[in-house]
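Tertiary structure, described
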Amino acid sequence: MKVERVSIHLLRMNLVSPFETSFGSISERDCILVKVYCEGLVGLGECVADRHPGYSYETSTTSWHILRDYLIPTILGADLDNPSDFQRQVAGVRGHPMAKAGLEMALWDLTCKMQGRSLRAILGGVRDQVEVGVSVGIQESTNVLLRVIERYLDKGYRRVKIKIKPQRDVDDVKAVRNSFPELRLQADANSAYNLELMPTFLSLDRMGLILIEQPLAEDDLWDHKKLQEKIDTPICLDESILSLRHARQALEMGACRIINIKSGRVGGLSQAVAIHDYCQAQGIPVWCGGMLETGVGRAANLALASLPGFTLPGDISASDRYYDQDITLERFQLNPDSTIDVPSDPGLGVNLDTSVMEKVRLARETFT
Ligand code: OSB
Ligand code: MG
């Protein structure tokens, strides 16, 4: 296929409630919607870089720059057999995985549509529904946290992840555990700790958590290895894993026992599938992380999470957990068994709601 035209759209959308992590609180989320055009078809992709460099060094501004000045010029007019060609073509751009992933997703959507097949089918997915959970931000108090979780349980979520940070960890987790003794519970620190806080980890280790996500710095596999030796709860890495090589090295080193896969963090769906395949061969459980995606990125996450090695519930919640108004006509609903249906229409299987797009778009640029 020959890419004839590309457009990028900076969006800012209000979250239904503020989302607080150890690196800050947001009440609106930025992303870049990518459209690629070929032979009358359009492919959609979502670049998940946010406005602030809290989770990653990438921001919506750096991604815009990398897309406009490097990635899009490389593929415009180029003949691409499949999205993996794209990875080879942009190998000369160091880093910026979220910018690459957003464009690659649009190429996947386009390729799938040309073949009349769903992304799920092309990636090798094996499930019509995937098990999901909900990621709950830090709340103003432990009591509020318990009320928020109860509301999600009433809606049908059967796995909860809570965000933690120093001073808002052991007491919060203990209270949740006491209120909901059987709940499948995990905690995400987003890199907020170091090994001096070992007593905290030893306490958390007794609370029946499925996993502790990214406790230490993203560039610190070695201390994760030391921590994993001291606790029984599996460490799951998120921010630290930017490539298949990182995944292999972390596992060989014993720095984690579980990996959270996000296509944006690893440079695209093709890399996400490669990490999945490697972990599956090693018997390592993976699950699909989330970046508060719109319906576009959520559709891609559902397709990815339908692969057989995704054996733990993903951070892929229903559309109403994030946005009152989403940019896709399709809204994802939670089934009573804490699953969400994987789209089956060609490509990502979602269509844009142009009136919402008009409302949330801050900027647009087209390249031909
Ligand atoms: O660390 O998993 C994370 C959201 C934004 C940035 C980082 C993370 C998250 C989440 C939300 O936990 C997951 C979701 O999309 O529901
Ligand atoms: Mg995380």
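A brief look at the structure comes next. (Residues numbered from 1 in each chain as written. Chains lettered and ligands numbered in written order. Predicted model: local features only at pLDDT ≥ 70, side-chain atom pairs only at ≥ 80, totals over all residues. Heavy atoms only, no water.)

1. A look at the coordination of the magnesium ion (ligand 2)
At this site the magnesium ion (ligand 2) is bound by Asp188 (OD), Glu213 (OE) and Asp238 (OD), with donor distances of 2.0 to 2.3 Å. Mapped onto the sequence, the residues coordinating the magnesium ion (ligand 2) show the spacing D-x24-E-x24-D. Of the two residues, Asp188 is situated in strand 7 (residues 184-188) and Asp238 in the loop between strand 9 (235-237) and helix 9 (244-253); the sequence distance between them amounts to 50 residues. On the basis of relative accessible area, Asp238 is assigned to the buried category, the value being 0%. (Donors = N, O, S within 2.8 Å, 3.2 Å for Na, K, Ca; no water. Helix = DSSP H or I, 4+ residues; strand = E, 2+ residues; numbered from the N terminus. Buried < 20%, exposed > 50% of the residue type's maximum accessible area, 1.4 Å probe, protein only.)

2. Quick notes on the sheet that holds strand 9
An order of 5-6-7-8-9-10-11 is seen for the 7 strands of this open sheet, with the pairing classed as parallel. The outermost strands of the open sheet, each flanked by one partner alone, are strand 5 (134-136) and strand 11 (286-288). (Pairing = 2+ DSSP bridges.)

3. Notes on the nonpolar core
The biggest cluster of nonpolar side chains holds 92 residues, and the ones touching the most others in it are Ile162, Ile259 and Ile327. In terms of residues, this core owes the most to one element, helix 11 (residues 295-305), which gives 7 residues. Summarising the domain contributions, this core has at least three residues from each of domain 1 (5-116 + 350-367) and domain 2 (121-341). Apart from the residues within four sequence positions on either side, Ile162 is in contact with Val136, Leu145, Ile149, Asp172, Val173, Val176, Leu185, Gln186, Ala187 and Asp188. In this structure, Leu71, Val93, Ala99 and Met291 belong to the second largest nonpolar core, which totals 31 residues. (Core = buried A, V, L, I, M, F, W, Y, C linked by side-chain atoms within 4.5 Å. Domains from an automatic or database assignment. Contact = heavy atoms within 4.5 Å.)

4. Observations concerning the site of ligand 1
Around ligand 1, a shell composed of 15 residues is seen, among which Ser135, Lys163, Asn190, Leu292 and Tyr322 lie nearest. For ligand 1, an oxygen atom lies 3.0 Å from a polar atom in the side chain of Lys163. In the model, an oxygen atom of ligand 1 is placed 3.0 Å from a nitrogen or oxygen of the Lys262 side chain. Relative to its free-state accessible area of 390 Å², ligand 1 is covered by the protein chains to the extent of 96%. Each residue belonging to the shell around ligand 1 can be placed in one class, and the counts come to 5 nonpolar, 3 polar and 7 charged. (Near = heavy atom within 4 Å. Polar contact = N/O pair within 3.5 Å; in protein donor to acceptor, adjacent residues only side chain to side chain. Areas by Shrake-Rupley, 256 points an atom, 1.4 Å probe, with all protein chains shown as cover. Nonpolar A, V, L, I, M, F, W, Y, C, P; charged D, E, K, R; others polar.)

5. Brief notes about the environment of Asn301
When you line up the elements, Asn301 lands in helix 11. Given a relative accessible area of 3%, Asn301 falls into the buried group. Residues Asn301 and Gly290, 11 residues apart in the sequence, show an inter-C-alpha distance of 7.7 Å. Sequence-distant contacts of Asn301, that is, excluding residues within four places in its chain, are made with Cys288, Gly289, Gly290, Glu293 and Ile316.

6. Some points on the sheet that holds strand 13 (residues 361-367)
The pairing of strands in a sheet comes from backbone hydrogen bonds and takes either a parallel or an antiparallel form. On the basis of which strands lie adjacent, the open sheet formed by 4 strands has the order 3-2-1-13 and antiparallel pairing. Looking at the sheet topology across the chains shown, the edges are occupied by strand 3 (41-47) and strand 13. Averaged over neighbouring strand pairs, the angle between their axes works out to 25 degrees when direction is ignored. Its contacts with the sheet put helix 1 (residues 60-75) on strand 1 (5-21), strand 2 (24-38), strand 3 and strand 13, and the angle it makes with strand 1 is roughly 155 degrees. (Axes fitted to C-alpha atoms, helices over the stretch in contact; angles between N-to-C directions.)

7. Description of the pairing of strand 6 (residues 159-163)
With 5 of its 5 residues buried, strand 6 lies for the most part within the structure. The alternating pattern of strand 6 places Arg159, Lys161 and Lys163 and Val160 and Ile162 on opposite faces, both of which are buried. Across 3 bridges, strand 5 lies against strand 6 in parallel orientation. Following the sheet pairing, Val136 is matched in strand 6 by Ile162. A crossover links strand 5 with its parallel partner strand 6, the connecting element being helix 5 (residues 142-155), and its sense is right-handed. Sheet topology places strand 6 next to strand 7; 5 bridges connect them, and they run parallel. The residue bridging Lys161 from the neighbouring strand is Gln186, located in strand 7. This β-α-β element, strand 6 to helix 6 (residues 170-179) to strand 7, shows right-handed connectivity. (Right-handed = clockwise from strand over helix to strand, strands pointing away.)

8. A word on the side chain of His96
Assignment of secondary structure puts His96 in the loop between helix 2 (83-89) and helix 3 (97-115). Judged by its relative accessible area of 16%, His96 is buried.

9. With respect to helix 10 (residues 269-282)
For helix 10, with 14 residues, the first-to-last C-alpha span of 20 Å sits near the 20 Å given by 1.5 Å per residue. Residues of helix 10 that are buried: Leu269, Ser270, Ala272, Val273, Ile275, His276, Tyr278 and Cys279. Positive phi appears at Gly283, one or two residues downstream of helix 10, with a value of about 75 degrees. (Expected span 1.5 Å × (residues − 1).)

10. Topic: the packing of helix 9 against helix 10
Two quantities define a packed helix pair, namely the angle between the helix axes and the distance between the axes. It is the contact of helix 9 with helix 10, at a shortest axis distance of 9 Å, that shows an interaxial angle of 25 degrees. Between helix 9 and helix 10, the angle falls in the class roughly parallel. Of the two possible hands of crossing, helix 9 and helix 10 adopt the one that is right-handed. Residues Leu244, Ala247, Arg248, Leu251 and Glu252 of helix 9 lie in contact with helix 10, whose contacting residues are Ala274, Ile275, Tyr278 and Cys279. Looking at side-chain class alone, the contact of helix 9 with helix 10 contains 7 nonpolar, no polar and 2 charged residues. (Parallel < 35°, antiparallel > 145°, perpendicular 65-115°, else oblique. Left-handed = near helix turned anticlockwise from the far one by under 90°.)

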